[in-house]
Amino acid sequence: MILETINLSKSFGPRKAVDNLSLEIPEGSVFGFLGPNGSGKSTTIRMMTDLIRPDSGEVFIQGQSVQQNHQKALGRVGAFIERADFYKHLSAKTNLEMLARMDGNGFGQIPIVLKRVGLLERANDKVKHYSQGMRQRLGIAQALLAKPKLLILDEPTNGLDPQGMKEVRDLVKELNSEGITIFISSHLLDEVQKICSHVAIIYHGRLITSGKMDDLLSESDLFTTEIHVSPLEKAQSVLKSKDWIHRCEEKNGSLLVSVSQGRISDIAPLLVQNECNVDAIIPKTSLEDLYLSKTGTNGA
């Protein structure tokens, strides 16, 4: 394990933000850290990177305690926490030079990391002229200055349009293929499912489940089923009237229905009895189903 948290807890006044949290992040993985806003994700990351101290528990990176041996533990860790915050009146290159100087590093890595995130040709442009997606990629470039073996990203696609999300997603995949372990905190379930090999879900600061993505999806109590049916509006009305249907929404001319595994076979007879023509029922499993089955929330 490249990163482990052991019984981490942190309170702010009467509110317990993180409650006895233990995680194991395998080396070489893309590890998704999921939970709704306010669930303790950012607090956990701040403890991982020694920005705040836990009330109890400890973080180990490559066997070194973050709390006891800060420099050794965090020496090969890059982190991008919450949002890309740069001097907007300065260029990307100048911003990175200032950060490198503060960390006692030379400037040799700057063109390398800018090229890595696709910003080398815009290196001398002022950050105020960057799109939000470009600023997010610049934040990742800053995290790459340390030549990290572990990259910690807190909500890297937050506030991005679909194109910006894809750019960050593709970059994460490329970096991981080069041997960098990546820990991603997010509340965007679909994005995490697209790129992560492992996942942990926390809720009110407590660990709900953790493991390999494929293994956890196979254990889900809810399943999304894609239904090709006509007339569409009538079928949707019929399905929504049943309390054993957990979700029913129209998407691209078909219905996406969340239902427990034992009730999937009841869908077609119900629709046929109500004079709907069923062309296809395609079972699918999503991270949202897993999240719903574990927390009973909508994942937002």
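Source: prediction; values computed, not measured. Throughout this document, residue positions are counted from 1 along each chain, in the order its sequence is written. Per-residue local features of the predicted model are confined to residues with pLDDT of at least 70, and side-chain atom pairs are confined, for both listing and counting, to 80 or more; whole-chain, interface and lining totals are unaffected and use all residues. Water and hydrogen atoms play no part in the side-chain values, which are based on all heavy atoms of the structure.

**Here's the deal with the state of the cysteines**
Threshold: Disulfide: a pair of cysteine sulfur atoms within 2.5 Å of each other.
Applying the stated criterion across every chain, the model contains zero disulfides. There is no disulfide at C248, and the cysteine sulfur nearest it, in C276, is 11 Å away.

**A short note on the packing of aromatic side chains**
Worth spelling out the cut-off: Any Phe, Tyr or Trp ring, taking Trp's six-membered ring, that has another such ring centre within 6.5 Å forms a pair; planes under 30 degrees apart are called stacked, those over 60 apart edge-to-face, and the others tilted. Secondary structure elements are taken from DSSP: a helix is a run of H or I of four residues or more, a strand is a run of E of two residues or more, and numbering for both begins at the N terminus.
In this structure the tally under the stated criterion is two aromatic pairs. Between F33 and F183, the aromatic rings sit 5.2 Å apart at their centres with planes inclined by 45 degrees, giving tilted as the arrangement. Residue F33 is located in strand 3 (residues 30–34), and its partner F183 is located in strand 8 (residues 181–186); the two are separated by 150 residues in the primary sequence. Among the aromatic residues, those joined into a cluster by ring pairs are F31, F33 and F183.

**Some thoughts on the sheet that holds strand 6 (residues 77–80)**
Paired through their backbone hydrogen bonds, the strands of a sheet run either parallel or antiparallel. For the record, the criterion: Here, strands pair whenever DSSP counts at least two bridges between them. As a rule, the C-alpha atoms of each element are fitted with a line to give its axis, helices using only the stretch in contact, and angles between N-to-C directions run from 0 to 180 degrees.
The strand order across the open sheet built from six strands is 6-7-8-3-9-10, with neighbouring strands paired in mixed fashion. Strands at the two margins of the open sheet, each flanked by one partner only, are strand 6 and strand 10 (206–212). Between one strand axis and the next, the sheet turns through 15 degrees on average, direction left out of account. Summarising the sheet, strand 3 and strand 9 (residues 198–203) pair through four bridges and their orientation is parallel. Paired with F31 across the bridge in strand 9 is H198.

**Things to note about the nonpolar core**
What counts, and what does not: Throughout this description, the term nonpolar core refers to a set of buried Ala, Val, Leu, Ile, Met, Phe, Trp, Tyr and Cys residues connected via side-chain atoms within 4.5 Å. Under the scheme applied here, a residue whose accessible area is under 20% of the maximum for its type counts as buried, over 50% as exposed, and between as partly exposed, the area being computed with a 1.4 Å probe on protein chains only. Any two residues having at least one pair of non-hydrogen atoms within 4.5 Å are treated as being in contact.
Ranked by internal contacts, the top residues of the largest apolar core, which has 43 residues, are L138, I140 and L151. Top contributing element to this core by residue count: helix 5 (residues 132–144), with six residues. Here I140 is in contact with F80, V117, L151, L153, V168, L171 and L175, once residues within four sequence places are set aside. Of all hydrophobic cores here, the second largest spans 25 residues; its members include F33, V59, L74 and I81.

Any functional reading would require information beyond the geometric quantities listed.
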